[in-house]
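Coordinate inspection notes
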Amino acid sequence: MSLIKLHQFHSILDDRGLISVFEIEKDLGFTVRRVYCLTGTVKGESRGYHAHRDLRQIVVCLSGNVTVHLDNGKIQEKICLDDPTVGLEINSMIWRELHDFSSGAVVMVLASEFYDPEDYIRDHDEFLKEVQN
Ligand code: TYD
């Protein structure tokens, strides 16, 4: 079993550049209630360090690259995202860390729910406790 679930989105490339197309409900199987973006990213910085109790997300690195570390309490995997046509699905109860941003990387996150601070688990020991129950 792998924690790395990738979605290949439709894209159109010509000499003017690339269009990547996210036909949300058709491609993802869940409704997107919130889109947020990480911009102004600083080279080598890290973010994340949390899990969500219910939220499902698709992470797309639209420009530059970032390495995402995933942990389900049993196995840990990591993947470098550097393709604006590929989305990494991160389901509920997965601890995620985003490391090694390239300078100015642009990351778009498609999320299944509105922002809810109560949905976050920010303590790794608490995450391990909840995920094992
Ligand atoms: P957070 O999700 O904690 O990002 P990271 O773990 O990478 O630091 O978000 C950082 C801050 O932004 C936190 O105070 C919550 C706030 N925030 C919102 O208010 N709405 C949102 O949709 C998101 C994603 C974050």
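Now for a quick tour of the structure. (Residues numbered from 1 in each chain as written. Predicted model: local features only at pLDDT ≥ 70, side-chain atom pairs only at ≥ 80, totals over all residues. Heavy atoms only, no water.)

On to the pairing of strand β6 (residues 57–63), then. Across the seven residues that make up β6, a large majority, five, are buried. Summarising the sheet, β6 and strand β9 (residues 86–90) pair through four bridges and their orientation is antiparallel. Across the sheet, V60 pairs through a bridge with G87, a residue of β9. (Buried < 20%, exposed > 50% of the residue type's maximum accessible area, 1.4 Å probe, protein only. Helix = DSSP H or I, 4+ residues; strand = E, 2+ residues; numbered from the N terminus. Pairing = 2+ DSSP bridges.)

The subject of this paragraph is the packing of aromatic side chains. The tally for this structure, following the rule as stated, stands at three aromatic pairs. An angle of 65 degrees between the planes, with centres 4.7 Å apart, marks the rings of F9 and F22 as edge-to-face. One end of the pair, F9, is in the loop between β1 (5–8) and β2 (10–14); the other, F22, is in the loop between β3 (17–21) and α1 (24–28), and 13 residues separate them in sequence. For the pair W95 and F127, a centre-to-centre distance of 5.8 Å together with 40 degrees between the ring planes defines the contact as tilted. With W95 in strand β10 (residues 95–99) and F127 in helix α2 (residues 124–131), the pair connects residues that are 32 residues apart, well separated along the chain. Here W95 falls in the buried class, since its relative accessible area comes to 5%. (Phe/Tyr/Trp six-rings, centres within 6.5 Å; stacked < 30°, edge-to-face > 60°.)

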